[in-house]
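Given next are the chains, with one letter for each unit.
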Amino acid sequence: MDEPDDLHELERALLDGIRASMSASEPAVTAPHWLAPLYTAQVQSRVLDHTARWLRGSGKGYYTIGSAGHESNGAVAAALRPTDPALLHYRSGAFYCARAQQRQGHDPVRDVLAGILALAGEPIAGGRHKVFGHHDLAVIPQTSTIASHLPRALGVAFAIGRARRLGVASAWPGDAIAVCSFGDASANHSTAQGAINAACYTAHSGLPVPVLFVCEDNGRGISVPTPSGWIEASFAGRPSLRYAKVDGTDPVGVHTVTSELAADVRARGQPALIHLRTVRYMGHAGTDVESGYRSVSSIRADYQLDPILATARTLVESGIRTPAELVDEYMTIREHVRKVALDLAREPTLLTPAEVARPLAPRRPELVAGRVSRRPDAEHRRTAFGGALPESEGALTLAESINRALADVLVDEPGAIVFGEDVALKGGVYGVTRGLQKKFGAARVFDSLLDEQSILGIALGAGVSGLLPIPEIQYLAYLHNAEDQLRGEAASLSFFSNGQYRNPMVVRIAGLAYQKGFGGHFHNDNAVGVLRDIPGLVIASPGHPSDAAPMLRTCAAAAAADGTVCAFLEPIALYHTRDLHEPGDGVWTAPYAAPDAWADAHVPIGSGRLVREGDDVLIVTWANGLFLSLRAARRLAASGISCRVFDLRWLAPLPIDEVLAHAGEVGRVLIVDETRHSGGVGEGVIAGLVEGGYAGALARVAARDTFIPLGEAANLVLVSEDEIVAAAARLCAPADMDLGL
């Protein structure tokens, strides 16, 4: 076959190297059965990289981060089972092509090209991103956030063993292992270090965590070189982590090491790490001019380390293939890939906003309502509660209501697990999970290590594996260490998999301010802006015990039915509050509904609640603001101002249509926003009112734009009852009246 004129220098070097390969008179090696298919997968991957740049140059392609030089990861795939869940980084083209060979009827060339072209019919993301993923191949798509997939890989591995222990269905076989690849530069990221540490910690604790990490070390993070020997120094000899180093120019060695470590991980349930030495060709991506930081001679010297050339030489030395045959195969694949690319370039891309957002956060409220209203097995429930059913306990606090609701979820959902720092024997810092481990056992209610990224990673992996995770973040301020696990992983998975993968979860977060006697910013954080703009994330924030249990049941049902990711924001200061106006009034308690009343008590996602009737001013608030506003409303009533108080209950999605309806009836709106003035929830309410056409009087009181200090100084920056009273009075006063406030 004649060579085309547009061969890249790297292609010419590879083909010349193959032609120079010498057949042995007596085969030096016996080629394993997987070696010839490996060559095919590696060539497919390489040609796809060249084609991606060709398409970009013609204005048709949109992604040029390639796998060239990393094709030895195809041998990793060949050594694993196609049912082993794989979480791959963006240089995993050969792994993907080799995995596709293990399942009949899959064409990796079309899959990858469809991603490069952002086609609506691309099999995993549907044109929303170029990722390696396929549900039928057990390849879970990953985003480009550095190392953000490692905590999920930890969670997938954990879930394999936990599902087996619980005897519940899982997405993976009981003897599967998780495989997770990443680069040498990413290995330095705190997310990677934390996930690998958590895997070792978990294994050291005696729990199964069958995960095989693959660090593909090409020696660079874009332009920054990795110090020689750093990866080995970082991971070799770590407790509970088996380490092996292998060079990508030895395909048989890569397959052998992978097979040995995978068998060990499968048998012992302990993590292992393959340090796979690779090279990187054509820079980081199409826009990266590698010659700006590397000499031409060093770039060309790496051509001799080409993993495809190594596979070709092994095939030739074994006598299985001739150099001419291998060159012909390369050229045939190249021609085929170009033809398929041109054919696919005519297919449709996403055309409307609705198409783009369709898989983001599916909502099936009828299915959720049905799941909420179903009654658990009465005898099982009675046994779990030890005969003392919560509906017979009388009035409960917010913390008690959440505790009982968690127990009911654990009764009703066999795959539900509750975990976090101090949630087991201690029952949480505030006692919210007290007694749950005793009722349901250590397999379902357990403590985690102190690492919020790993807590959420376990939840991510458990959710995508078929469990229903309910992790606890001990304080809202601690969430910020790990928020990308919600933003970049949890909320995006359905989007980047076109709804084929889901990671349902209910993340309980103790937060907000107004704690008495236990203060400071880290225990009184009132910043939720980082959550509010995450697409598809549901944020529940019950203020009153009567709402806490129904809203938690809704979140759990939505997670189970629709794969919803929920943040359940619990106001710490109201956990154990009983009284609203006077000692002993019990207004801040509520009876727990029996299962036959759950349908009537159901609180759909995004539905608010009218808490107090009134005609002069509408107060819109939630959580601690609800408590303060109801107290303020009684004071205002004594001065002749009738307040209507509306509890948002859900911070995302906001019940803005309900707010608009009440605002239109009253004509004066006061938003009581306990979050910060900038980036607070009140901004969203105001925007919704204005965009909805509300033209009446409008005011907001909010916390100051500062961190919350210790002691009484906190009251200087938080919304107060007096501030609410004064603001409502100003709204209701005639324009020329001096209130003396």
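(A) Region of the structure containing the overall build of the chain. A tally of regular secondary structure across the chain gives 27 helices and 22 strands. If you line up the chain on its principal axes, its C-alpha atoms span 105 × 60 × 45 Å. Put simply, the chain has 741 residues, and 59% of those count as buried. For the chain, the centre of its 66 positive side-chain charges and the centre of its 82 negative side-chain charges are spaced 2 Å apart.

(B) Representation of the environment of Glu489. Tracing the chain through its elements places Glu489 in helix α20 (residues 484-496). It is 8.2 Å that separates the C-alpha atoms of Glu489 and Arg152, two residues lying 337 residues apart in sequence. Once residues lying within four places of it in the same chain are set aside, the contact partners of Glu489 are Gln142, Thr143, Ser148, His149, Arg152, Leu460, Asp484 and Asn503. Only 3.2 Å separates the side chain of Glu489 from the side chain of Arg152, close enough to count as a polar contact.

(C) Looking closely at the sheet that holds strand β21 (residues 668-676). Overall, mixed pairing links the 5 strands, which are arranged β17-β19-β18-β21-β22 in an open sheet. One side of each edge strand has no neighbouring strand; the edge strands of this open sheet are β17 (609-612) and β22 (697-703). Pairwise comparison of adjacent strand axes, ignoring direction, gives a mean angle of 25° for this sheet. Examined bridge by bridge, β17 and strand β19 (residues 643-647) share 3 bridges and lie antiparallel to one another. Looking at β19, one finds that Arg609 is bridged to Asp647.

(D) Structural context of the side chain of Arg649. Counting through the fold element by element, Arg649 comes out in the loop between β19 and β20 (650-652). You can call Arg649 buried: its relative accessible area is 6%. In this structure the side chain of Arg649 is engaged in a polar contact, spanning 2.9 Å, whose partner is the side chain of Asp547. A distance of 2.8 Å separates a polar atom in the side chain of Arg649 from the backbone oxygen of Gly608.

(E) Layout of the sheet that holds β20. Taken in spatial order, the 7 strands line up as β11-β10-β12-β13-β15-β14-β20 in an open sheet, and their pairing is mixed. Each having just a single partner strand, β11 (445-447) and β20 make up the two edges of the open sheet. Strand-to-strand twist across the sheet, computed as the mean angle between neighbouring axes with direction ignored, equals 20°. Pairing geometry for strand β10 (residues 416-420) and strand β12 (residues 468-473), over 5 bridges, is parallel. What sits directly across from Ala416, in β12, is Leu468.

(F) Representation of the pattern of salt bridges. With the rule as written, the count across this model stands at 48 salt bridges. Arg508 serves as the salt-bridge partner of Glu472, at 2.7 Å between the closest nitrogen and oxygen. Placement of the pair is Glu472 in strand β12 and Arg508 in strand β13 (residues 505-511), with a sequence separation of 36 residues. Of the charged contacts, one joins Arg644 and Asp615 as a salt bridge, the two residues approaching to 3.9 Å between their closest N and O atoms. You can see Arg644 sitting in strand β19 and its partner Asp615 sitting in the loop between β17 and β18 (617-621), a full 29 residues away along the chain. A residue is classified by how much of its surface remains accessible, and Arg644, at 7% relative accessible area, is buried.

(G) Expanded view of α20. With 13 residues, α20 extends only 15 Å from end C-alpha to end C-alpha; this falls clearly short of the ideal 18 Å at 1.5 Å per step. The buried fraction of α20 is high, at 11 of 13 residues. Those residues of α20 that fall on the buried side of the exposure criterion are Gln485, Leu486, Gly488, Glu489, Ala490, Ala491, Ser492, Leu493, Ser494, Phe495 and Phe496. Phi turns positive one or two residues past the end of α20, at Asn498, with a value near 55°.

(H) Local environment of the packing of aromatic side chains. Considering all chains together, one arrives at 10 aromatic pairs under this definition. Measuring from ring centre to ring centre gives 5.8 Å for Tyr281 and Tyr303, while their planes differ by 75°; the resulting arrangement is edge-to-face. With a gap of 22 residues between them, Tyr281 in the loop between β8 (272-277) and α10 (296-301) and Tyr303 in the loop between α10 and α11 (307-317) connect regions that are remote in the sequence. Of the two residues examined, Tyr281 and Tyr303, each falls in the buried class. Considering the side-chain rings of Phe495 and Phe496, the 5.1 Å spacing of their centres and the 70° angle between planes classify their relative orientation as edge-to-face. Judged by its relative accessible area of 17%, Phe495 falls in the buried class. For Phe496, a relative accessible area of 15% puts it in the buried group. It is Arg338 that lies over the ring of Trp54; its NZ or CZ is 4.2 Å from the centre.

(I) Molecular detail of the environment of Pro365. Looking at the element boundaries, Pro365 is found in helix α14 (residues 365-373). Measuring from C-alpha to C-alpha, the distance between Pro365 and Ala157 comes to 32 Å, with 208 residues separating the pair along the chain.

(J) Geometry of the state of the cysteines. For the coordinates displayed, the defined rule picks out 0 disulfides. As a non-bridged cysteine, Cys97 has Cys180 as the owner of its nearest cysteine sulfur, 19 Å distant. Cys97 sits in the buried class, given a relative accessible area of 0%. Cys566 takes part in no disulfide bond, and the closest cysteine sulfur, belonging to Cys555, lies 3.9 Å away.

(K) Fine view of the side chain of Glu122. Mapping Glu122 onto the fold places it in the loop between α5 (108-116) and β2 (139-140). Despite its burial, Glu122 pairs with no opposite charge, the nearest such side chain being Arg128 at 6.9 Å. There is a polar contact of 2.6 Å between the side chain of Glu122 and the backbone nitrogen of Ala125. If we skip the residues at most four places from it in the chain, Glu122 touches Asp111, Ala114, Gly115, Gly127 and Val131.

(L) Region of the structure containing helix α2 (residues 35-57). With 23 residues, α2 extends 33 Å from end C-alpha to end C-alpha; this agrees with the ideal 33 Å at 1.5 Å per step. With 17 of 23 residues buried, α2 lies mostly within the body of the structure. Immediately downstream of α2, the backbone of Gly59 shows phi near 80°, a positive value.

Rules and cut-offs
- Residues numbered from 1 in each chain as written.
- Predicted model: local features only at pLDDT ≥ 70, side-chain atom pairs only at ≥ 80, totals over all residues.
- Heavy atoms only, no water.
- Helix = DSSP H or I, 4+ residues; strand = E, 2+ residues; numbered from the N terminus.
- Buried < 20%, exposed > 50% of the residue type's maximum accessible area, 1.4 Å probe, protein only.
- Lys, Arg positive; Asp, Glu negative; His and termini not counted.
- Charge placed at Lys NZ, Arg CZ, Asp CG, Glu CD.
- Contact = heavy atoms within 4.5 Å.
- Polar contact = N/O pair within 3.5 Å; in protein donor to acceptor, adjacent residues only side chain to side chain.
- Pairing = 2+ DSSP bridges.
- Axes fitted to C-alpha atoms, helices over the stretch in contact; angles between N-to-C directions.
- Salt bridge = Lys/Arg side-chain N within 4 Å of Asp/Glu carboxyl O.
- Expected span 1.5 Å × (residues − 1).
- Phe/Tyr/Trp six-rings, centres within 6.5 Å; stacked < 30°, edge-to-face > 60°.
- Lys NZ or Arg CZ within 6 Å of the ring centre and 35° of its normal.
- Disulfide = S-S within 2.5 Å.

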